[in-house]
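Listed below, chain by chain, are the residues.
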Amino acid sequence: MSIVREPLLKLEKITKRFKSLTAVNGVNLEVASGEKLVIIGPSGSGKSTLLRSINLLEEIDEGTIRFEGVEVGYVTRHGKRHLDRPQAISTLRAEIGMVFQHFHLFPHMTVLGNVMEGPLTVQRKPTDEARSIATDMLAKVGLSDKSNVFPATLSGGQKQRVAIARALAMRPKLMLFDEPTSALDPELVGEVFDTIHTLADEGMTMIIVTHHMGFARELADRVIFMESGNFLAQGRPEELFSAAQGNERIKLFLNRLL
Amino acid sequence: MNVSRNYLMSRAFAALFLLLALAGNSPAAMDYDQLFRQSGDLMAQGDLEGALKLLRQVPLPAAGEEAAPFVSSRMQAARIHAAQEAPDKAIAACQEVLKLYPDNSEARNFVAALQAQLKPRWHTILSDIVRFLPALAKGTIMTLLLVFCTILVSPLGGLLLALGRISTLRPISALCWFITWFFRGTPLLLQLFFIYYGLPSLGITLAPLTAAVIGLGLNYSAYLGEIIRGAIQSIDHGQMEAAKAIGMSYGQAMRRVIIPQTYKRLMPPVGNEFIALIKDTALVSTIAMVELMRAADQLFNTYFNITALGLAAAIYLLLTTIFTFIFEKIEYRAGIYEHR
Ligand SMILES: Nc1ncnc2c1ncn2[C@@H]1O[C@H](COP(=O)(O)OP(=O)(O)O)[C@@H](O)[C@H]1O
Ligand SMILES: [Mg+2]
């Protein structure tokens, strides 16, 4: 079957501009099913914008997005590109999980409520089923005992793990992590990375933006170095980090992180 | 002054006989004896003024002279004055006695009793309250009906206006902006006049209650709309993104994620608005509705009695206090998830 060889996600010539600023500049990217891709790069290089473009939180100016071989997100009407119907966009987003730097848990819902919310409201599953899915996901991130508390009572690491469980409850085919540990105290970073590792081991396809090179080296099948909206270099972690010796800009960036 | 005349009379006679018995056979006593008897006769005939005149003839006792006739005459006069419902004169007579004999307990007690009688405006106020309360209670019920109708209608109207104003559809946001601009920018009184007295000329005649609820509802929707819009826009943008990221539509995100988070922030300003509303319902009295203000006004004009207005003020205060209390409770409940 040709579907098997089809990459899960395929971006072609993605460009996103904010007024005169080009945040993402004609980027091409293929992500295979099960691949773990890490994107690194200096602040303001367009990493977040790229992730947000993938799940259509940003409307791109040019390029196409294919998910499971199907072009998604945009339709052409009267020769002009438009965002697809809200229904279609929601359907795509439901298949792509996203984890934010600042968690964005729903503060007025309990931990269980946060994780149930997607299955319940978006997928319209019966309450019992939604609850059992949520309970499973909380067990997976190791927070079964926090089911009935409100997010305000959790540590940053726990909040991020709940956010991961919330995304997983939708049974996504692709997970996007945008600096998932950048808002955490150093001692809380490990528990979140462990959770992501578990997912990786289960074969989840993921794109992770992070500044933790050790984590990137351990986890990534491929690392992309991004700067000024372009992919400057990419390759297997050991390749990229050694090739970096030859590239002044990457070397500079990596040295600053160490 | 409801002191029984008969009671005072009998006290007067008793005192008189006692005096006669005591006065016995002193030489001057004969004069006084006759004087008191004559005054007693006059009183019996109902000539209180004549009796007073006689009693006044008893002079201040000279040094060494007996006090009893003087004291009796003045106390008797005091009783007559009290019976005539002239407590101030009665007190003055007692005080003549007290000037010479500050320890005279009869005079002192009588003064105290008279002063107690002078005070009870209480009685009148209390009976006024009892008299006015039914009409004011009816007015209060109408006021509460208006308040509740407006509280039912205006949050919905406000929410629609708020969502309309933040909508990306230009015609809708423009329309909602206009409605808000108009109803916040003109006096409520004018809006009520327009709806009740003005619309009939366009062929729309409304009952006072309908006109009142429409006027108050639109006006308060406009105010609440701005408050709700502010609250929605104050919610962290990340909340909308997180909701969208799990596949929620805009409507679902608003309903499930954004709007529930505004409740706590909404309560203090909305509570303020609803307290203002309780008082603003008074304006409805101008369009032929008998609510609390109008009821108080009618009583005031009928009886020219300020108690009616005071009572209405007390009822308004009671209502606003209850509302304040309720809203504080709701605010606490709405924000319970923020407690650590
Ligand atoms: N909503 C926006 N409006 C205007 N400029 C934006 C917006 N979002 C991002 N940018 C700009 O786009 C560039 C890329 O931003 P971002 O994708 O957040 O970078 P990164 O995540 O790599 O730090 C930056 O220069 C940033 O200032
Ligand atoms: Mg970023």
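Residues numbered from 1 in each chain as written. Chains lettered and ligands numbered in written order. Predicted model: local features only at pLDDT ≥ 70, side-chain atom pairs only at ≥ 80, totals over all residues. Heavy atoms only, no water.

Thoughts on the nonpolar core
As a reminder of what qualifies: What makes a nonpolar core is a set of buried Ala, Val, Leu, Ile, Met, Phe, Trp, Tyr and Cys residues whose side-chain atoms join them at distances within 4.5 Å. Residue burial is assigned from relative accessible area. The probe radius is 1.4 Å, only protein chains are included, and a residue is buried under 20% of its type maximum, exposed over 50%, and partly exposed in between. A run of H or I in DSSP counts as a helix once it spans at least four residues, and a run of E counts as a strand once it spans at least two, with each numbered from the N terminus. Any two residues whose heavy atoms approach within 4.5 Å are treated as being in contact.
A:L9, A:I54, A:I65, A:L174, A:I207 and B:L136 are the most contacted members of the largest nonpolar core, which has 94 residues in total. Examining the composition of this core, we find that 12 residues originate from one element, helix α12 (residues 250-280) of chain B, more than from any other. Here A:I65 is in contact with A:L9, A:K10, A:L11, A:I14, A:S53, A:L56, A:I60, A:V70, A:E71, A:V72 and A:Y74, once residues within four sequence places are set aside. Among the nonpolar cores identified, the runner-up in size contains 50 residues, and A:M175, A:F177, A:V189 and A:L254 belong to it.

Let's talk about the sheet that holds strand β8 (residues 96-99) of chain A
All names here are of chain A. Counted only if it meets this: At least two bridges found by DSSP between two strands is the condition for calling them paired. To get an axis, a line is fitted to the C-alpha atoms, and for a helix only the part in contact is used. The angle between two axes follows their N-to-C directions and goes from 0 to 180 degrees.
The mixed open sheet is built from six strands, whose spatial order is β8-β9-β10-β3-β11-β12. The open sheet terminates on both sides in strands that have one partner only, identified here as β8 and β12 (230-235). When the angles between neighbouring strand axes are averaged without regard to direction, this sheet yields 20°. Two strands pair when backbone bridges link them, and β8 and strand β9 (residues 174-178) are joined in this way by four bridges, in the parallel orientation. The partner of V99 across the bridge, within β9, is F177. The sheet contacts of helix α3 (residues 86-95) involve β8 and β9, and relative to β8 the element is tilted by about 70°.

Here's the deal with the site of ligand 1
All names here are of chain A. Where we set the bar: By convention in this text, a residue qualifies as near a molecule or strand provided that one of its non-hydrogen atoms is within 4 Å of it. Polar contacts, as used here, are pairs of N or O atoms within 3.5 Å; protein pairs need one atom able to donate a hydrogen and one able to accept it. Residues neighboring in sequence count only if both atoms are side-chain atoms. Note on areas: Shrake-Rupley, 1.4 Å probe, and residue coverage restricted to the protein chains presented here. Note on residue categories: nonpolar means Ala, Val, Leu, Ile, Met, Phe, Trp, Tyr, Cys or Pro, charged means Asp, Glu, Lys or Arg, and polar means any other residue, Gly included.
Taken together, the residues surrounding ligand 1 are F18, L21, A23, P42, S43, G44, S45, G46, K47, S48 and T49. In this structure, an oxygen atom belonging to ligand 1 sits 2.8 Å away from a side-chain N or O atom of K47. One nitrogen or oxygen atom from the side chain of T49 is found 2.5 Å from an oxygen atom belonging to ligand 1. About the coverage of ligand 1: the protein hides 60% of its 560 Å² of free accessible area. Elements that contribute at least two residues to the shell around ligand 1 include exactly β2 (21-31) and α2 (47-54). Among the elements that make up the shell around ligand 1, the one with the highest residue count is α2 (three residues). Class assignment of the residues belonging to the shell around ligand 1 gives a composition of four nonpolar, six polar and one charged.

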